[in-house]
Amino acid sequence: MTPTQLRYEVADGVATITLDRPDRMNAFTTVMAAELAAAAAAADADDAVRVVVVTGAGRAFCAGADLGGGEGTFADRSAVDALPRGTVDGVPRDWGGIASLPFAALRKPVIAAVNGPAVGIGATMTLPMDVRIAGESARFGFVFARRGIVPEAASTWFLPRVVGISQAMEWVATGRVFDAAEALRGRLVSRVVPDADLLPTALELAREIADNTSGVAVAAARQMLWSMLGAASPWDAHRAESRALVELGAGPDAAEGVASFLGKRPPRFTAPLGDGAVAGVTRWPQPPPDLVP
Ligand SMILES: CCCCCCCCCCCCC[C@H](O)CC(=O)SCCNC(=O)CCNC(=O)[C@H](O)C(C)(C)COP(=O)(O)OP(=O)(O)OC[C@H]1O[C@@H](n2cnc3c(N)ncnc32)[C@H](O)[C@@H]1OP(=O)(O)O
């Protein structure tokens with residue numbers, strides 16, 4: 001089904017997802033949540049897609065939950081009051097978890113090109129995206145406490161692991177909106193570029209990955225890096241790495257990686273991603289049984 005609140009385009013091994021409600025600063029709705037999940041699933045299933053780039057149309061990346069009227073917004077208190085209390089479904093299943101966790105579980109790297117304000121779920125959805133690049137006019141805000149609620153989209157797991165507990169607490173406890181320079185100092189973003197250079201920079205990085213690396217090797221490395229954040233010891237990492245090394249080392253991409261180097265030619269990697277278990281590294285994160293849709 002053609003999405004109505006985002007655009008999904010694939011070119012040169014890169015899927016570009018553009019949040020597309022510029023008149024509402026791409027404010028988030030349940031429709032956008034469902035369309036984001038569908039776009040992440042499409043990118044994961046498409047062997048022609050090696051890397052995903054996410055950005056916003058217009059002057060904002062995403063202004064957070066749409067606090068105005070209309071389908072899937074939060075102006076309607078009766079809709080909010082109707083939400084079940086005390087269950088894992090308190091927040092509609094197609095909400096925070098959908099905005100982030102499908103990107104976390106992707107078997108491909110995700111680059112967020114933050115082109116303006118990213119506030120509330122607009123900020124938290126970027127946390128499982130592996131690389132965040134900001135345009136100079138980007139702003140971020142974990143504003144939840146200023147709206148009387150708490151962070152969502154699994155951000156209380158992701159944010160302290162991305163920026164550290166001290167910086168996470170400062171941004172969450174104040175709820176302030178801060179600029180790209182502060183985001184860079186806090187290591188929320190890896191670089192800040194002029195606005196006009198943002199999408200070209202993100203696409204150049206995406207193509208550098210797509211053109212030079214084995215998809216199955218990057219998928220395995222990505223899932224090990226993230227999943228080891230919860231590991232009990234470096235031995236857990238060593239175990240996963242050893243399993244993946246042996247399996248990938250016997251695979252076609254390892255042979256091609258060596259042959260292309262020795263042959264002084266670009267690599268042509270062909271190993272498929274497989275059925276979701278990549279090189280012995282299972283898909284991460286797996287939802288616990290009581291959260292499986
Ligand atoms: C918050 C939910 C309450 C209901 C609780 C329900 C509980 C159960 C379910 C909860 C699950 C939802 C959780 C959600 O994911 C959490 C969030 O995302 S909270 C964050 C919500 N978003 C915001 O609070 C952002 C508010 N906006 C801003 O901070 C700023 O607008 C900006 C984005 C930093 C941009 O600033 P400026 O460039 O200065 O622009 P303006 O402020 O002047 O805004 C221009 C214009 O746009 C309107 N607008 C801005 N943001 C939103 C928005 N999110 N929704 C609707 N409208 C928005 C703003 O009012 C201005 O309108 P105008 O005055 O021009 O008519």
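Looking up the protein chain in an unreviewed UniProt entry gives the name Enoyl-CoA hydratase/carnithine racemase, with the organism given as Geodermatophilus sabuli. Check the Sequence similarities (unreviewed entry) section of the UniProt entry for the protein chain; it says "Belongs to the enoyl-CoA hydratase/isomerase family."

A. Molecular detail of the packing of aromatic side chains. Considering all chains together, one arrives at six aromatic pairs under this definition. Between Trp157 and Phe158, the aromatic rings sit 5.0 Å apart at their centres with planes inclined by 75°, giving edge-to-face as the arrangement. We classify Phe158 as buried; its relative accessible area is 1%. An aromatic cluster is built from Phe140, Phe142, Trp171 and Phe178, whose rings are joined through pairwise contacts.

B. How the structure looks around the side chain of Thr18. Tracing the backbone shows Thr18 in strand β2 (residues 14-19). Ignoring any residue separated from it by four or fewer positions in sequence, one finds Thr18 in contact with Leu6, Arg7, Glu9, Thr55, Gly56 and Ala57.

C. Summary view of the layout of surface pockets. The computed volume of the second largest pocket comes to approximately 270 Å³. Lining the second largest pocket are 22 residues, and of these Asp47, Arg50, Gly215, Phe269 and Ala271 sit closest to its centre. At the level of elements, α8 (198-212) and α9 (215-227) are the ones that each hand at least two residues to the lining of the second largest pocket. With four residues, α9 is the largest single contributor of residues to the lining of the second largest pocket. Residue composition of the lining of the second largest pocket, by class: 11 nonpolar, four polar and seven charged. Two domains each donate at least three residues to the lining of the second largest pocket, and these are domain 1 (6-209) and domain 2 (214-292).

What counts as what
- Residues numbered from 1 in each chain as written.
- Predicted model: local features only at pLDDT ≥ 70, side-chain atom pairs only at ≥ 80, totals over all residues.
- Heavy atoms only, no water.
- UniProt positions renumbered as here; feature names shortened; annotations may be inferred.
- Phe/Tyr/Trp six-rings, centres within 6.5 Å; stacked < 30°, edge-to-face > 60°.
- Buried < 20%, exposed > 50% of the residue type's maximum accessible area, 1.4 Å probe, protein only.
- Helix = DSSP H or I, 4+ residues; strand = E, 2+ residues; numbered from the N terminus.
- Contact = heavy atoms within 4.5 Å.
- 1 Å grid on protein atoms, 1.4 Å probe; cavity = no way out; pocket = protein on both sides within 12 Å on 5 of 7 lines; lining within 4 Å.
- Points joined across faces, edges and corners; volume = space filled by probe spheres on them.
- Nonpolar A, V, L, I, M, F, W, Y, C, P; charged D, E, K, R; others polar.
- Domains from an automatic or database assignment.

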